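# Fold and contact review
What follows is the residue order along each chain.
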Amino acid sequence: MTLQAIKYENGTLEVLDQLLLPKESKYIPILGVEDGWKVINKMQVRGAPAIAIVGCLSLAVEISKEEFEKKKALRREVEGKLNYLISARPTAVNMKQAADHLISYINSLDNDESVSAQEMQARFVAAIEAMLEKDISDNRSIGEFGAKAVLNNVTDGEQVRILTHCNTGSLATAYFGTALGVVRCLHSASRLENCYFTETRPYNQGARLTAYELVHDKIPSTLVCDSTVAYLMKTAQINAVVVGADRVAANGDTANKIGTYQIAVVARHHEVPFYVAAPLTSIDFNVNTGDNIVIEERPQVEMTHINNIRIASPGVTCWNPAFDVTPARLITGIITEKGVFRPSELSTLQSQLQDHKNTLPQL
Ligand SMILES: CSC[C@@H](O)[C@@H](O)C(=O)COP(=O)(O)O
């Protein structure tokens, strides 16, 4: 049984507090948008797809409790609150894509005179609830396409050694995961020899969260320090690197957890294929290249302290960017729910992105 970080049922939402993991598994009740914004901003919930799902579900929780006599009032509230949720963290694009789509949807319901205020409210909440199921099925497809791509490069029956970074599993998505979904698929096909994964300083998504998931699922795995990657590739014959994404630019440049770029450089040096696994909602066709992606900078205290204990010398100055951008030329393929694409093929995906939008409630 894979971990469930987001629990939602009939207008009630709880999220696993990822700041307490692995010491404590405690769920936080989310009573509305303000709670949703806080858990995202404090990184109690993190990972691009999970941020979007929790943000939108927090809105569903809030508006489910309200009564709207006028459709315009509902539309205004939805638009204002979605824009507020986008501001919780800037780099991952999934919340923004979800907000844009939901705003178009609420506008279309508002303009449709046959739809009452109550029906508009119910249909809007149902549209958000559908995101959960869609994320799970997209992750399964990403896992299958990714496993196939990795296995294409090895002989029949050979087991593979994968390296991943950060946390991209059930804790970062609705369920199953993206890059970690690929690892899960390889493992269930008995084709995974080992999954190596980095600590991912300073928030330690690897040591705390990926370790928690892999141990929980009994997947063969080894934790390495971030600084071990080059030596690992020299000595362990890694078959592929698979990482997630927070925002993929139209040219394929990819923003992901800090440290991803240096892993891609090392992978190229050692001729190891480097894959990005991400749903279509992580691709931002409005941004031409990675130079235009805003990189979030986090508080210094995340570097100087671990669990409130100071590890860095007092008075030191820190720089704590949460993400970096891997240039498209270092990326072998982008694994999506529609298949694996070279960065140069991304433009052909734009029409499929339109299909994806059409699978959500018809506008
Ligand atoms: C499926 S999660 C993909 C990315 O969001 C993930 O790799 C990552 O960088 C998460 O960063 P975080 O700062 O923990 O939200």
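Right above here is the structure, for reference.
What comes next concerns the included structure. As the structure is a computational prediction, the values presented were derived from the model and not from experiment.

All right, on to the site of the ligand then. Residues in contact with the ligand amount to 18 residues; listed here are only the nearest, R89, Q205, D246, N256 and K257. Between an oxygen atom of the ligand and a side-chain N or O atom of R46, the distance comes to 2.8 Å. Residue N256 places a side-chain N or O atom 2.6 Å away from an oxygen atom belonging to the ligand. For the ligand, whose free accessible area comes to 420 Å², the fraction covered by protein is 99%. Sorting the residues of the shell around the ligand by element identifies α2 (48–64) and β9 (254–257) as the ones contributing at least two each.

Glancing now at the pattern of salt bridges. Here the structure, examined in full by the defined rule, presents 16 salt bridges. Residue D138 is joined to K134 by a salt bridge in which the shortest nitrogen-to-oxygen separation is 2.9 Å. A residue pair is termed a helical-turn pair when its members lie 3 or 4 positions apart in one helix, as D138 and K134 do in helix α5 (residues 117–152) at four residues. Just as D138 is buried, K134 falls in that class too. The partner of E345 in a salt bridge is R342, and the shortest N-O contact between them spans 3.2 Å. Beyond isolated ion pairs, a larger network of salt bridges with shared partners links K72, R75, E79 and D110.

Turning our attention to the sheet that holds strand β8 (residues 247–249). In space, the four strands of this open sheet follow the order β11-β8-β9-β14, with mixed pairing throughout. The sheet is open, and its two edges are formed by β11 (283–284) and β14 (323–326), each paired on a single side. Across four bridges, β9 lies against β14 in antiparallel orientation. From the neighbouring strand, A255 faces β14, where its bridge partner is V325. Of the strands in this sheet, β9 and β14 touch helix α9 (residues 260–269), which is tilted by about 35 degrees from β14.

What follows is about the pairing of strand β10 (residues 274–277). Across the two faces of β10 the burial is the same, with F274 and V276 and Y275 and A277 all buried. Of the pairings in the sheet, the one linking β10 to strand β15 (residues 333–336) comprises three bridges and is parallel in character. Across the sheet, the residue bridging to Y275 is G333, located in β15.

Moving on: the packing of α2 against helix α3 (residues 71–86). One can describe the packing of α2 onto α3 by two numbers: an axis separation of 10 Å at closest approach and a directional angle of 150 degrees. Considering only the axes of α2 and α3, their crossing is right-handed. Residues G55, C56, S58, L59, E62 and I63 of α2 touch α3, and the partners they reach there are L74, E77, V78, K81, L82 and L85. When the residues that make up the contact of α2 with α3 are grouped by side-chain class, the tally is seven nonpolar, two polar and three charged.

The next subject is the environment of Q159. Within the fold, Q159 resides in the loop between α5 and β4 (160–164). On the basis of relative accessibility, which here comes to 32%, the residue Q159 falls in the partly exposed class. Linking Q159 and E193, residues 34 residues apart in sequence, is a C-alpha distance of 5.2 Å. Every residue in contact with Q159, bar those within four places of it in the chain, is listed here: S190, R191, L192, E193 and N239. In terms of polar contacts, Q159 uses its side chain to reach the backbone carbonyl oxygen of S190, at 2.9 Å.

Once that is clear, we can look at the side chain of K71. Within the secondary structure, K71 sits in helix α3. Here K71 sits buried without a salt bridge, and the closest side chain of opposite charge, D110, lies 4.7 Å off (N-O distance). Among the polar contacts made by the side chain of K71, one reaches the main-chain carbonyl oxygen of L109 at a distance of 3.0 Å. Among the polar contacts listed, one links the side chain of K71 to the backbone oxygen of D110, at a separation of 3.3 Å. Beyond its immediate chain neighbours, meaning those up to four positions away, K71 contacts L109, D110, D112, E113, V115, S116, A117 and M120.

Turning to the sheet that holds strand β1 (residues 6–9), a few remarks are in order. Strand order across the open sheet formed by three strands is β1-β2-β3, with antiparallel pairing between neighbours. Two strands bound the open sheet, and with one partner strand each, they are β1 and β3 (27–30). The average angle at which neighbouring strand axes cross in this sheet is 20 degrees, direction not considered. Sheet topology note: the strand β2 (residues 12–16)/β3 ladder contains four bridges and is antiparallel. Directly across from E14, in β3, lies its bridge partner P29. Along the sheet, helix α1 (residues 33–41) makes contact with β2 and β3, crossing β3 at roughly 145 degrees. The strands touched by α2 are β1, β2 and β3; relative to β1, the strand with the most contacts, the crossing angle is about 30 degrees.

We now examine the state of the cysteines. According to the stated counting rule, one finds zero disulfides in the structure shown. Just so you know, C195 is unpaired, no disulfide at all, and the nearest cysteine sulfur is the one on C166, 13 Å from it. For C195, a relative accessible area of 0% corresponds to the buried category. Of the cysteine sulfurs around C318, a residue in no disulfide, the closest is that of C225, at 19 Å.

The rules behind each value
- Residues numbered from 1 in each chain as written.
- Predicted model: local features only at pLDDT ≥ 70, side-chain atom pairs only at ≥ 80, totals over all residues.
- Heavy atoms only, no water.
- Near = heavy atom within 4 Å.
- Polar contact = N/O pair within 3.5 Å; in protein donor to acceptor, adjacent residues only side chain to side chain.
- Areas by Shrake-Rupley, 256 points an atom, 1.4 Å probe, with all protein chains shown as cover.
- Helix = DSSP H or I, 4+ residues; strand = E, 2+ residues; numbered from the N terminus.
- Salt bridge = Lys/Arg side-chain N within 4 Å of Asp/Glu carboxyl O.
- Buried < 20%, exposed > 50% of the residue type's maximum accessible area, 1.4 Å probe, protein only.
- Pairing = 2+ DSSP bridges.
- Contact = heavy atoms within 4.5 Å.
- Axes fitted to C-alpha atoms, helices over the stretch in contact; angles between N-to-C directions.
- Left-handed = near helix turned anticlockwise from the far one by under 90°.
- Nonpolar A, V, L, I, M, F, W, Y, C, P; charged D, E, K, R; others polar.
- Lys, Arg positive; Asp, Glu negative; His and termini not counted.
- Disulfide = S-S within 2.5 Å.

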